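Fold and geometry: a report
As a plain string of letters, each chain reads:
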Amino acid sequence: MPLTTPRRSALSEQVIAALRTQISSGEWPVGSRIPTEPELVEQLGVARNTVREAVRALAHNGLLDIRQGSGTYVVATSELAGVMQRRFADADPRHIAELRATLESSAAKLAAERRTERDLKQLDALLARREEAWASGVAEAFVAADATLHMAVVAASHNDVLIALYADLGEVLRDWLREDIGEELTPAAYMDHGRLVEAIRARDADAAAAEAASYPYLCHPERLTAERAPR
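Residues numbered from 1 in each chain as written. Predicted model: local features only at pLDDT ≥ 70, side-chain atom pairs only at ≥ 80, totals over all residues. Heavy atoms only, no water.

A few words now on the packing of helix H5 (residues 93–114) against helix H9 (residues 170–181). The contact between H5 and H9 brings their axes to 11 Å, and the two run at 125 degrees. Classed by the angle they form, the pair H5 and H9 counts as oblique. Handedness of the H5/H9 crossing: left-handed. Residues Pro 93, Ile 96, Ala 97, Arg 100 and Glu 104 of H5 touch H9, and the partners they reach there are Val 172, Leu 173 and Trp 176. Class assignment of the residues belonging to the contact of H5 with H9 gives a composition of six nonpolar, no polar and two charged. (Axes fitted to C-alpha atoms, helices over the stretch in contact; angles between N-to-C directions. Helix = DSSP H or I, 4+ residues; strand = E, 2+ residues; numbered from the N terminus. Parallel < 35°, antiparallel > 145°, perpendicular 65-115°, else oblique. Left-handed = near helix turned anticlockwise from the far one by under 90°. Contact = heavy atoms within 4.5 Å. Nonpolar A, V, L, I, M, F, W, Y, C, P; charged D, E, K, R; others polar.)

Before going further, it helps to examine the confidence of the model for the chain. Low pLDDT marks regions whose predicted coordinates should not be analysed in detail. Summarising the model, the chain shows a mean pLDDT of 85, and 90% of its residues fall at 70 or more. Across the chain, element-level confidence peaks in helix H10 (residues 194–201) with a mean pLDDT of 97 and bottoms out in helix H12 (residues 221–226) with 54. (pLDDT = per-residue confidence, 0-100.)

Within the fold, Asp 124 resides in helix H6 (residues 117–136). Put simply, Asp 124 and Arg 201 are 77 residues apart on the chain and 10.0 Å apart in space, counted from C-alpha to C-alpha. Leave out the neighbours within four places in its chain, and Asp 124 touches Val 197 and Arg 201.

Here you go:
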């Protein structure tokens, strides 16, 4: 996808926009390594310095992490997501659980009221993918599948502001889940999400909200009560 070649500053902005699109669209998912500098130079048809400047700009804004000797990795889907991740990296786990319960229960309630047949097909597919990820025994695959299902529930609310806010908090919530699950999947980490999907299917808003609100507090509840005593 060669780009046009106007003045240097405008070209750099084009490259930044092109890379940002690859990230925000999911073409380069969070956790993945982006193409090397020579590969980007060839793909974009611009000079190495322009690519380097764009990558550094996105790293500064929190979307990319440049790891010497390893490559450059996607760490957030937007500038705001990167800010959120840094801002709440050391947040009290109880407060993260309360935030999740508030956002996800509201989204589930709206999803039950507004869901479409297309939403239900998506939820069914992602629920099945979540089960497959659990069966694989790979913790990171399960975290990704679980987070994607929750995002789909929020998307089914058809509230653009809620969807955008939840997406920007996505990495904060995934980090929280990673810490809870650890490096290996254990029976204690598993929670059935089938009841949530069925409540949304049945348009039972109260049941959907209650089900979604309960999940954050079932994730290693001892962490929410013992790790940090109330101040």
